[in-house]
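A closer look at the structure
Letter by letter, the chains look like this.
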There are 2 protein chains.
Amino acid sequence: MKYVAILGLGTVGGGVARMLCDNRERIAAAAGEEVVLRRILDLRDMPDSPFSALVTHRFEDILSDPSISLVVEAIGGVRPAGDFSLALLRAGKHVVTSNKAVVSAMGAVLTEAAEAAGACYLFEASCGGGIPLITPLSRDLAPNRITGLCGILNGTTNYILTSMRDSGADYADALAEARRLGYAEADPTDDVEGYDTRRKLNILSAVAGEGLTDERLIPCTGIGGVRRADVSALAREGCAVKLVGVMRGGYLLVAPHLIPRDHPLRSVDGVYNAALIHGDKVGDVMLMGRGAGADPTASAVVADVCEALSGRAAPCRLRAGYVPPDFDGYGCPRYFCVPEAAADALTARVPRAVRVTSPEGEAAFLAPPMTEAACRALAEELPLTSHLRVLSDLCDDSEART
Amino acid sequence: MKYVAILGLGTVGGGVARMLCDNRERIAAAAGEEVVLRRILDLRDMPDSPFSALVTHRFEDILSDPSISLVVEAIGGVRPAGDFSLALLRAGKHVVTSNKAVVSAMGAVLTEAAEAAGACYLFEASCGGGIPLITPLSRDLAPNRITGLCGILNGTTNYILTSMRDSGADYADALAEARRLGYAEADPTDDVEGYDTRRKLNILSAVAGEGLTDERLIPCTGIGGVRRADVSALAREGCAVKLVGVMRGGYLLVAPHLIPRDHPLRSVDGVYNAALIHGDKVGDVMLMGRGAGADPTASAVVADVCEALSGRAAPCRLRAGYVPPDFDGYGCPRYFCVPEAAADALTARVPRAVRVTSPEGEAAFLAPPMTEAACRALAEELPLTSHLRVLSDLCDDSEART
C-alpha cells in the first residue's frame, strides 16, 4: 500500500481525490499496489467535503510524514507551489503536478532536484489536461528529431473563438457567455492574453528538446484583437481562427492564427485542445482531447501517480536557458485586411498576395511567407485593419527562417 | 553498448535499420546507452544493401548470440515469426514487433513468456504505425475504464475510400490507382476485406482491458461493397464513409461506417490513421498520424527498443479468451437506401427514419439505433440497396446494447 497527499483541494485536487476513490482497482493494477489518499493540504476547513477528515493547514504535516511517498501538487501559481515541490522532492517524495506555471518557471530546478533525490517530478497534466502529450513526446517520439510543434492549448480561448464563429458574436459577448457558462474565470487575463498557452508551449518545447526558456522571451498575442468580421469571412472559406502556440525552426510564439481548411487543427473546436507534432521519422502526429476540467486533468495526474509509484517512470530532465532566435526573422504566410480603397496599394506592395473573401468594405489577402520585420514595415506604410499569421505545414521549417 | 538484431529486412525492418543509424544520438539518449545493430535475419543475401555484412540466413545465429539483448521481429505473418519470438523471449531476449498477426493470435502466450523470462515483448508498432496508441492506452489512460474505442486503422482502405469521395471513382478504379501508387499490395485481400483492421482492433481492445479474442469471433465486413453513389451522396451532407474498427459495450466489429459531419474521425483522410478512445474520466481522446510506411513504423519500433533497453518498460500482459456478446444484439444508428419506389414502405416500417440526400433513383434514410437482428429482418422484407452502420458517440455505450 502507498500513501499519497494532495496540495490544494480545488478543481484539479478534488478531481484527483475522487478518481483515487472511484477507480481504485484500476489504479492499484497500474501502480502495482493499492494507492491510498492520506492527507490534503488546504487553507480551508471544508467540513462538507467527503475528504474533510484528511485536511490539514500545515504543509509540514505532509513534508514530515514518512509514510507519504508521493504528493500531488494542485495549488497553482509559482509560489508557494514551487517551494513546496522542491522541499518534497529533496525529502525524497515523488511530486506529480498539473501546475504549468511552476513547470514553466522552475522545471529545470525541480527535475534536477528529483534526479538528485532519486524521486520523480512528473507533469503530464500541466499541458493539455487529459490528452497524453508529455509522455508521447518524451517516450514514443523520443527517437525522432522534433522539427515542429503547434497546439491549441487553452480551452477558454478556443471556446470563445468557436462561439464567435458559430454564433457571430463579437469578442466581448463571447467572453461574457464563456464566463456565464463557467468556461472562463472571473479574471480571464491568463487565458485570453495567451499567457496560459505560452507556459504550456514552453514546457512542450522543452520536452521536445530545446530546453525551457524565459517565458518573456516568447512573443505572445492574445485574442482580444480578433475581429468578428475576420472570423466570419474566413469561416465562409472553411478556415478558422485559433489561438495557437507554435514551435518551428527554433522559434516560439503564441498568437491567433488563421487555420487553413485542410489543416488537422482546423476542426478542433470548443473546449477541445490538440497538439500537432512533427518528427523527422514519424511525420505528423496529432493528439486531441479535453484540455481542462476536473476529471480529464485528474486522469493525467493519476496516470503519473501510477507511473511514479510503479518505479517505471522515465526521468524527464528539463534543461533551462534556451534562447529563441530574434523574432524579427520569423517567417510564415499572412492574412491581411485593408480598407477597400487601399486594396490596389497592397497588391502593388505585395504582388504575390491573393485576394480572398473579405469583411464588408475591406479587402482581405493571403500573402506568401513574410518575416515579422517585413510585416512591421508594411503596417507602417499601409492602413492594415487586420493581420493574422497563417498556420502552415510543420514539415517545412525552412520557411520559418525565410 | 547494447546489441540488437532484426528479423526480416523488408519495409519495416529496413526502416528500423536506417533509423538506428540516422538517429543514433537521440536513440542512445532514450535507451540509456548506445544501440548497435549486429545481425539481420533474412532469406535473401542483399549484396547491395548497406547492411549486407550483417545478414545471416540462420535464426540460430541470433538466438544463440549472447551479446544480442533485443530482437526486432519484422517478418510478418504468424509463422514462423511467433515461434521465433517465443524462442527468443524464452532465451531472455527482449522482442519488439510491428507484426499485428502474431500479437493478435499469440499475444497472450508471448507476453506470458516475456514475463516469465524477465524480458519485454513490446508491440506499439503493431497498431497505427507511428501513432502512439498502445502506450497511451496502457500507461496514460490506464487509470480510466475504457468504455469505447473506434479507429481508422488501415491506410490502404482509407486511401481508397478518400479517393472514391474526392475523385468520384468507383471501388475497382480507386483500388487500381492505390495499387499503382504503392498504397495497396499486389494481393490487397488483408486490407480491403478488413482482416488487417480486425487484428489491430483485437490488440487495442485487449490492451484496453477486455483481453484478446479469437479473431474469427469479430464480425468483419470489407470495403468491396461500398458504393460510389453512397460515398458521393454522403459527401454532399459533409459525411464520410470509412472502414472502422469499433469496441463498444463489449462488442467488437469491423465494417464500413458512415461518419457524421461533426465526428472527429470524419476528417481523417488518405493514408492517415486515427483512434478515438473514450475513458470514464478523461472523456474522448483522439490520436492521429501515419498508420503505415517504413519511417513512421520504424519510429514506433525504435521507441519500444529504447524503452525495453532502458529497463523502464511497463509489462503489458495480454489475457486471452475474451468472448464478445452475440452480435445480433448490437445496436447503432443506420443508413439505408431503397429504390425510390420502396421509400414509403421503408418509412412505414421504420417510422423514425429520416430522409437524407439520396443517390439518383433511390431514397436514403438515417434510422435511429437498431440491432443487427432487426436490420436482417428489415433486409428480408424490403429491397435494401445499401446499408451502413453510423458511427455514434462512444460515451453512450448503452446504445450498443439497445
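Residues numbered from 1 in each chain as written. Chains lettered and ligands numbered in written order. Predicted model: local features only at pLDDT ≥ 70, side-chain atom pairs only at ≥ 80, totals over all residues.

The number of helices and strands found in chain A is 14 helices and 15 strands. For chain A, the C-alpha radius of gyration of 22 Å lies close to 21 Å, the compact-globule estimate for 402 residues. Oriented by its inertia axes, the alpha-carbon framework of chain A measures out at about 75 × 45 × 30 Å. In chain A, buried positions account for 54% of the 402 residues. Counted over contacts in chain A with a minimum sequence separation of 6, partners at least 24 positions apart contribute 74%. (Helix = DSSP H or I, 4+ residues; strand = E, 2+ residues; numbered from the N terminus. Rg over C-alpha atoms; globule rule 2.2 N^0.38 Å. Buried ≥ 20, exposed ≤ 12 C-beta atoms within 10 Å, placed from the backbone. Contact = placed C-beta atoms within 7 Å.)

Residue and element names in this part refer to chain A. Look at the link from Arg 79 to Pro 80: it is a cis peptide, with omega at 5°. With phi around 50°, Met 46 is a residue other than glycine that occupies positive phi space. Along the polypeptide, Met 46 turns up in the loop between strand E2 (35-41) and strand E3 (55-56).

With 42 residues of chain A in contact, the opposing surface of chain B contributes 42 residues. Looking at the side of chain A that touches chain B, the element that brings in the most residues is helix H12 (residues 294-310) of chain A, giving nine residues. Partitioning the side of chain A that touches chain B into residue classes produces 22 nonpolar, nine polar and 11 charged. As paired strands, strand E11 (residues 283-290) of chain A and strand E11 (residues 283-290) of chain B are joined by five bridges and run antiparallel to one another. The partner of Leu 287 of chain A across the bridge, within E11 of chain B, is Leu 287 of chain B. (Nonpolar A, V, L, I, M, F, W, Y, C, P; charged D, E, K, R; others polar. Pairing = 2+ DSSP bridges.)

All names here are of chain A. Every buried residue of helix H4 (residues 81-90) is accounted for by Ala 81, Gly 82, Phe 84, Ser 85, Leu 88 and Leu 89. Viewed along the axis of H4, the buried residues span an arc of 160°, placing them on a single side of the element. Packed against the buried residues of H4 are strand E1 (2-7), helix H3 (59-63), strand E4 (68-73), strand E5 (94-97), helix H5 (100-117) and strand E6 (121-122). One or two residues past the end of H4 sits Gly 92, with phi positive at roughly 85°. (Arc of directions from axis to C-beta.)

We now examine the domain arrangement of chain A. Residue and element names in this part refer to chain A. Its domain assignment divides chain A into domain 1 (2-129 + 295-310), domain 2 (135-290) and domain 3 (327-401). Counting residues per element, the side of domain 1 that touches domain 2 draws most heavily on H5, which supplies six residues. Among the residues making up the side of domain 1 that touches domain 2, the classes are represented as five nonpolar, five polar and two charged. (Domains from an automatic or database assignment.)

Looking at chain A as a whole, its pLDDT mean stands at 95, while 98% of the residues score no less than 70. Overall fold confidence (pTM) sits at 0.95, and the ipTM for the predicted complex is 0.94. (pLDDT = per-residue confidence, 0-100.)

To continue, consider the relation of the copies chain A and chain B. Placing chain A over chain B gives an RMSD of 0.0 Å and needs a rotation angle of 180°, together with 0.0 Å of translation along the axis. One copy is carried onto the other by what is essentially a two-fold rotation axis. By residue overlap, the copies meet face to face through one surface: 100% of the interface positions of chain A are interface positions in chain B. (Least-squares fit on C-alpha atoms with pLDDT ≥ 70 in both.)

All names here are of chain A. The buried fraction of E11 amounts to seven of the eight residues, a majority that puts the element mostly inside the structure. Bridge count for strand E10 (residues 272-279) against E11 is eight bridges, and the pairing is antiparallel. Each bridged residue has a counterpart across the sheet, and for Ala 274 the counterpart in E11 is Met 288. Counting the residues between successive antiparallel strands, the hairpin from E10 to E11 contains three residues.

So, on to the nonpolar core. What tends to happen in soluble globular proteins is that the nonpolar side chains get buried as a cluster. Ranked by size, the top nonpolar core spans 268 residues in total, and within it Val 16 and Val 305 of chain A together with Val 16 and Val 305 of chain B carry the most contacts. Beyond its immediate sequence surroundings of up to four residues, Val 16 of chain B is in contact with Ile 6, Val 72, Ala 74, Ala 298, Val 301 and Val 302 of chain B. (Core = buried A, V, L, I, M, F, W, Y, C linked by C-beta atoms within 7 Å.)

Here we take up the sheet that holds strand E3 (residues 55-56) of chain B. Residues and elements named next belong to chain B. What the six strands build is an open sheet, ordered E3-E2-E1-E4-E5-E6; its pairing is parallel. Two strands close off the open sheet at either side, each with one partner strand: E3 and strand E6 (121-122). Looking at chain direction, strand E2 (residues 35-41) and E3 are connected through two bridges and run parallel. The residue of E3 that forms the bridge with Leu 41 is Thr 56.

Turning our attention to the environment of Thr 347 of chain A. Residue and element names in this part refer to chain A. With respect to the helices and strands, Thr 347 occurs in helix H13 (residues 343-349). Assessed through the 16 C-beta atoms surrounding it within 10 Å, Thr 347 is described here as partly exposed. In the structure, Thr 347 is positioned 133 residues away from Asp 214 in sequence and 39 Å away in space, judged by C-alpha atoms.

Time to look at the packing of helix H4 (residues 81-90) of chain B against helix H5 (residues 100-117) of chain B. Residues and elements named next belong to chain B. The interhelical angle for the contact between H4 and H5, taken along N-to-C directions, is 10°, at an axis separation of 9 Å. Taken together, the axes of H4 and H5 are roughly parallel relative to one another. In this structure, H4 uses Ala 81, Gly 82, Ser 85, Leu 86, Leu 89 and Arg 90 to contact H5, whose residues at the interface are Val 102, Ala 105, Met 106, Val 109, Leu 110, Ala 113, Ala 114 and Ala 117. Looking at the contact of H4 with H5 residue by residue, the classes come out as 11 nonpolar, two polar and one charged. (Axes fitted to C-alpha atoms, helices over the stretch in contact; angles between N-to-C directions. Parallel < 35°, antiparallel > 145°, perpendicular 65-115°, else oblique.)

On to the packing of helix H7 (residues 155-167) of chain A against helix H8 (residues 171-180) of chain A. Residues and elements named next belong to chain A. Contact geometry for H7 and H8: axes closest at 9 Å, N-to-C directions at 125°. The orientation of H7 relative to H8 falls into the category oblique. The chirality of how H7 crosses H8 is right-handed. Where H7 approaches H8, its residues Thr 156, Tyr 159, Ile 160, Ser 163 and Met 164 are matched on the opposing element by Tyr 171, Ala 174, Leu 175, Glu 177 and Ala 178. (Left-handed = near helix turned anticlockwise from the far one by under 90°.)

All names here are of chain B. Taking burial as the measure, the six residues of strand E4 (residues 68-73) include five buried ones, the bulk of the element. Relative to E4, strand E1 (residues 2-7) runs parallel, the two sharing five bridges. Residue pairing in the sheet places Ala 5 in a bridge with Val 71 of E4. Relative to strand E5 (residues 94-97), E4 runs parallel, the two sharing four bridges. Opposite Val 72, over in E5, you have Val 96 as the bridge partner.

Let us look at the environment of Ala 91 of chain B. All names here are of chain B. Among the secondary structure elements, Ala 91 is positioned in the loop between H4 and E5. Note on Ala 91: 16 C-beta atoms within 10 Å, which makes it partly exposed. With 105 residues separating them along the chain, Ala 91 and Asp 196 place their C-alpha atoms 30 Å apart.

The next subject is the sheet that holds E3 of chain A. Strand order in the open sheet made by the six strands is E3-E2-E1-E4-E5-E6 (chain A), with parallel pairing throughout. Each of the sheet's edge strands pairs with one partner strand only, and the pair in question is E3 and E6 of chain A.

The next thing to look at is the environment of Arg 266 of chain B. All names here are of chain B. By the secondary structure assignment, Arg 266 is in the loop between strand E9 (251-259) and strand E10 (272-279). Each C-alpha atom, one on Arg 266 and one on Leu 394, is 15 Å from the other, the two residues being 128 residues apart in sequence. Beyond its immediate chain neighbours, meaning those up to four positions away, Arg 266 contacts Cys 239, Ala 240, Ile 259, Pro 260 and Arg 261.

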